[in-house]
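Fold and contact review
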Amino acid sequence: MGALIDNADLVWEAFLTTLGVSVAAGALSFVWGVILAAFRVSPIGPLRTFGAAYVNVFRNTPLTLLFLFLLAAAPPLLGLQVSLGITMAITAMTLYTATFVCEVVRSGINSVGVGQAEAARSIGLSFFQTLGNVVLPQAFRSVIPPLINVYIAHVKNTSVAAGFAVFELTASALRLSNQNASEVIGVFAGVGLCYLVITIPMGIASQRIERRVAIAR
Amino acid sequence: MNSESNVLYDAPGPKAVARDRVFTVVFTLVLLGLVGWVVYTAYGNGIFDDRWSVLVDPSRGQSAQDVWVTSLLIGGVWGTLKPVLIAIPIALVLALGLTILRQSPLAIARIPARVVTEVFRGIPVLLIMLFGVVAVDMDPLWAVVLGLVVYNMAVVAEILRAGIAALPSGQKEAGLSIGLSPLQTMLRIQLPQAIRIMLPALISQIVVLLKDSSLGFIIGYSELLKTAKNNFNFFGEPTTVVFIFVVAVIYIAINMSVSHLATYIESRMRTKSKTVAGLKVGDKPVGPHGGVTAAGIGANTRTGDSTM
């Protein structure tokens, strides 16, 4: 652990990078994921098709391949130059995590009792009113615990960026263990702990909320 | 999906039909325009030139068989499948052990099992793989296996725990009341049923393993992505797009088949046998984990962070 304490500023910087990428890509993927979920339940056929195709492609592609695509295939294919580093990490993670957000929100919409939507329809609410005032508020309650689980995985997935020139926690573990060969185990344990500092509170929150929602039902 | 979401809006009247038709046309045009733009840009960048011939008639003294069979299939796909196939049985056995320990009446068995599950669920797989390579000096293949095993035993243990929690408590009580020990009840009554209801979630977990094995690319294990990279390094920079495209198609095809298998098993459980192990599928949620209906793909997001 000595190596970690000696390089506390380096680890702190890496920790902030992991956190920053997680939060930025997390927020963007939430917006994009909710839009995709709306596409997938909308009455407009082409939007449903697009949503389904997008989710199936990006959910079944490894994140590493997505990075590799942005790095090596997007520039010649689309003339799209995503700069290597944090920008690429945020782009890839957003495109990837959004599919999971979409699926969680969609299954949340489906989990709201049919009677709720029927009641809303029968008192004359429109599609957007039904979705916005009746279904989504109820869906979000049951969606929060699985959504937190998606974001736990999201935080851990930021480690893939270590392979693509982002100096985050996993990359710092690699650098410090190269510099301090005698303390490799301590370095990895310490960096693992840094991840747990983020993920375990999220897990506890998810369990708490799940329990509360379950009782309220 | 449609039968569910159609509740959200009325059967459209003449005005709404006309409006929907307009929207459908507009969005079809927008999407076609998007596809057209991609194709046009790609064409402008010379993507549709002879670089694709590397797949049928490669240069540099290689044959199509060398590229497809020797390199992509044997080197790449097998390289991706190998650690997954090794990791699945090991992770499953360890997960069963963890699950049994977590249900133990003894705190001294329960608490360490809980800690192990929580810790390894919260650490990136890549970090564990790197640990294998750097700290233990493992062969990259075994480092990949280590990462997959350690993470997935924790996730599968969580899935099984959720499955056990979803069983009616009468199952355990019945087992105990006919004189089985708690361990026997677990092994012969609870676990077999839990595995059965969680089968779709367990199969979807295979997709996660397949995707995570691609992390081997970063730690220097030669799997599908690495093979693609070797290929486009060998055949030259223009073929980059070709090989990334091929590899993406292979991944998506494999993973979608596995997901479909999970969905198929789930739907079969729902329709063919209304009762799974004496338990009504599609009943109201039982227990804190949303019950058997959560046994589907949706259970992934609920019980673990699978499919990510």
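In this report, we go over the structure that sits alongside the text. (Residues numbered from 1 in each chain as written. Chains lettered and ligands numbered in written order. Predicted model: local features only at pLDDT ≥ 70, side-chain atom pairs only at ≥ 80, totals over all residues.)

A few points about the interface of chain A and chain B
Test applied: By the convention adopted here, residues are in contact when the distance between their C-beta atoms, placed from the backbone, does not exceed 7 Å. Here a helix means four or more residues in a row that DSSP labels H or I, a strand means two or more in a row labelled E, and each is numbered from the N terminus. Residues were grouped as follows: Ala, Val, Leu, Ile, Met, Phe, Trp, Tyr, Cys and Pro as nonpolar; Asp, Glu, Lys and Arg as charged; and all remaining residues, including Gly, as polar.
Listed as interface residues are 64 residues of chain A and, on the opposing side, 51 residues of chain B. Of all the secondary structure elements, the ones that give two or more residues to the side of chain A that touches chain B are α3 (45–59), α4 (63–78), α5 (86–111), α6 (114–122), α7 (127–157), α8 (169–179) and α9 (184–216) of chain A. Tallying contributions element by element places α9(A) first for the side of chain A that touches chain B, with 13 residues. In terms of residue class, the side of chain A that touches chain B is built from 40 nonpolar, 18 polar and six charged.

A short note on the environment of Y251(B)
Mapping Y251(B) onto the fold places it in helix α12 (residues 240–271). When the C-alpha positions of Y251(B) and V77(B) are compared, they lie 8.9 Å apart, and in sequence the two are 174 residues distant. Here Y251(B) is in contact with N60(A), T61(A), P62(A) and L65(A), once residues within four sequence places are set aside.

So, helix α2 (residues 14–44) of chain B
Residues and elements named next belong to chain B. The criterion, for reference: Expected span of a helix: the number of residues minus one, times 1.5 Å. Partly exposed residues are those falling between the two cut-offs: more than 12 but fewer than 20 other C-beta atoms within 10 Å of their own, whereas 20 or more means buried and 12 or fewer means exposed, with C-beta atoms placed from the backbone.
Across its 31 residues, α2 extends 44 Å between first and last C-alpha, which sits within 8% of the 45 Å expected from 1.5 Å per residue. Counted residue by residue, α2 has zero buried out of 31 residues, so it is predominantly exposed. Immediately beyond the C-terminal end of α2, within one or two residues, lies G46, with a positive phi of roughly 75°.

Focus: the packing of helix α7 (residues 169–177) of chain B against helix α8 (residues 182–197) of chain B
All names here are of chain B. Just so we agree on the cut-off: The axes used here are C-alpha line fits, helices contributing only the stretch in contact, and every angle between their N-to-C directions lies in the interval 0 to 180 degrees. To sort the angles, those under 35 degrees are grouped as roughly parallel, those over 145 as roughly antiparallel, those from 65 to 115 as roughly perpendicular, and the leftovers as oblique. Note on convention: near helix rotated counterclockwise from far helix by under a right angle means a left-handed crossing. Clockwise means right-handed.
Where α7 contacts α8, the axes come no closer than 9 Å and their chain directions differ by 155°. Viewed along their axes, α7 and α8 adopt a mutual orientation that is roughly antiparallel. You can see that α7 and α8 cross each other, and the crossing is right-handed. Where α7 abuts α8, its residues Q171, K172, G175 and L176 lie against T185, I189, Q190 and Q193. Of the residues in the contact of α7 with α8, the class split is two nonpolar, five polar and one charged.

A closer look at unusual backbone geometry
Within the chain, A165(A) stands out as a residue other than glycine whose phi angle is a positive 65°. Along the chain, A165(A) turns up in the loop between α7 and α8. In this structure A165(A) comes out as partly exposed when scored by C-beta crowding, with 15 C-beta atoms within 10 Å. For D137(B), which is not glycine, the phi dihedral falls at a positive 60°. With respect to the element layout, D137(B) can be found in the loop between α5 (125–134) and α6 (140–166).

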